[in-house]
Amino acid sequence: MGDRKKVILVTGGSGLVGKAIETVVNERGGRQEGEEWHFVSSKDADLTNRESTQELFKRIKPTHVIHLAALVGGLFRNLKYNLDFYRQNTIINDNVLYTSYENKVEKVVSCLSTCIFPDKTIYPIDETMIHNGPPHNSNFGYAYAKRMIDVQNRAYHSQYGCKFTSVIPTNVFGPHDNFNLEDGHVLPGLINKVYTAKKTNTPFVVWGTGSPLRQFIYSLDLAHLFIWVLREYDSCDPIILSVAEKDEVTIKQAAEMVVEAMEFKGEVVYDTTKSDGQHKKTASNAKLMKLCPDFKFTPFKQAIKETCDWFVANYDTLRK
Ligand code: NAP
Ligand code: GFB
């Protein structure tokens, strides 16, 4: 990473992925000698505002940026607010990428998502398919905003030679997630609902049919991979960061894992009046595994258990 003192700015540093990277940097050997890491949230700068973005960069003077900040949500939040997801994220991304260019940041790693791929596609999906057709209608606003990061990265590279790249995580879960039932993703939603069902002796309600398929990556595993991308991955082309296709599970299987981890003994019901969203978005992690053949993902059952334990221990202060 060059020989200037490394100052790494992590936008979205207070979120699920940001806190995982902070844990790995501060507690699990992710920091290298002499590096300065800054994990920022909207309290440090509202990145939808160009001036506050520029002030943040002037203050921190980053040499590297991990760009996570975004309006983020699960299926049901996306279904309701496609315009907000498009506008807020395109504004944040333009501010962060342009300000990184203005401040001669050596490398920026931004974040896409496997839900942005074409809905009608062949499987497994790989990095070459991002723009091959419209995304699933449930989150088209978010998906197009994210796809534009890839377009901007290529444009900054071709016009100014900037080393701007991106990663494409699959569904992420772990400590510090957003456990809010309306806004959050499926695993935090299931954990929150089982906790309440257990406490109130009521049925645990899973939304949808339980048949959709997902690949889930533990936030702490993603954090290790993000740090590897920052240090070692030198292409502008995006790279999928996901567990293997074979590790894909149904929502029903995920719900059963949460029931087991939370030791819930009550009734489980499926509310099929709620949307299933995208049936599947099976992604290939072949490119990652070719570059990191020895990387080991945390077993799903262990990751779910650690997340449930974190949820129970932090119930009073977490986002719900
Ligand atoms: P999160 O927990 O909701 O955190 C979002 C972060 O962005 C927070 O730190 C938030 O700061 C910050 N932020 C939002 N609006 C901002 C603004 N206007 N100015 C400054 N900061 C702002 O999200 P996450 O799950 O960690 O997601 C991180 C990245 O991973 C995102 O780019 C997301 O698209 C991507 N991703 C997530 C998943 C997933 O399943 N979670 C899957 C694939 C990709 P505050 O705390 O101050 O609001
Ligand atoms: O994580 P999730 O909300 O989003 O998962 P997506 C939705 C799936 O889980 C649907 C089922 O099949 C839901 O019916 N589900 C069951 C639940 N119970 C629940 C629950 O309590 N909460 C939630 N949220 N779902 C998102 C994209 O798609 O993927 C985002 O919309 C983002 O943009 C994210 O990229 C990674 O996986 O369907």
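So, a few notes on the structure that sits alongside this text.

Rules used in this analysis
- Residues numbered from 1 in each chain as written.
- Chains lettered and ligands numbered in written order.
- Predicted model: local features only at pLDDT ≥ 70, side-chain atom pairs only at ≥ 80, totals over all residues.
- Heavy atoms only, no water.
- Phe/Tyr/Trp six-rings, centres within 6.5 Å; stacked < 30°, edge-to-face > 60°.
- Buried < 20%, exposed > 50% of the residue type's maximum accessible area, 1.4 Å probe, protein only.
- Lys NZ or Arg CZ within 6 Å of the ring centre and 35° of its normal.
- Helix = DSSP H or I, 4+ residues; strand = E, 2+ residues; numbered from the N terminus.
- Expected span 1.5 Å × (residues − 1).
- Contact = heavy atoms within 4.5 Å.
- Pairing = 2+ DSSP bridges.
- Axes fitted to C-alpha atoms, helices over the stretch in contact; angles between N-to-C directions.

Notes on the packing of aromatic side chains
Think of a pair of aromatic rings as described by two things: how far the centres are apart, and how the planes are tilted against each other in angle. Applying the stated criterion across every chain, the model contains 20 aromatic pairs. Seen from their ring centres, Phe-311 and Tyr-315 are 5.5 Å apart, and the 75 degrees between their planes marks the pair as edge-to-face. When sorted by exposure, Phe-311 lands in the same class as Tyr-315, which is buried. Put simply, the rings of Tyr-98, Tyr-101, Tyr-156, Tyr-160 and Phe-164 touch in pairs and so form one group of aromatic residues. Sitting above the plane of the Phe-76 ring, Lys-274 keeps its charged end 6.0 Å from the centroid. Over the ring of Tyr-123 we find Lys-280; its NZ or CZ atom is 4.2 Å from the centre of that ring.

Here we look at helix α1 (residues 16-27)
Here α1 spans 16 Å end to end across 12 residues, near enough to the 16 Å set by a 1.5 Å rise per residue. Where α1 is concerned, the buried positions are Leu-16, Val-17, Gly-18, Ala-20, Ile-21, Thr-23, Val-24 and Val-25. Looking at the packing, one finds that the buried side of α1 touches β2 (36-39), β3 (64-67), β6 (171-173) and α7 (219-232). At the C-terminal side of α1, Gly-29 shows a positive phi close to 75 degrees.

A word on the sheet that holds β3
Each strand in a sheet pairs with its neighbour through backbone hydrogen bonds, running either in the same direction (parallel) or in the opposite one (antiparallel). Within the open sheet, the 6 strands sit side by side as β2-β1-β3-β4-β5-β10. Their pairing is parallel. This sheet does not close on itself; its edge strands, each paired only once, are β2 and β10 (239-241). Adjacent strand axes in the sheet meet at a mean angle of 20 degrees, parallel and antiparallel pairs treated alike. Strand direction decides the pairing type here: strand β1 (residues 7-11) and β3, joined by 4 bridges, are parallel.

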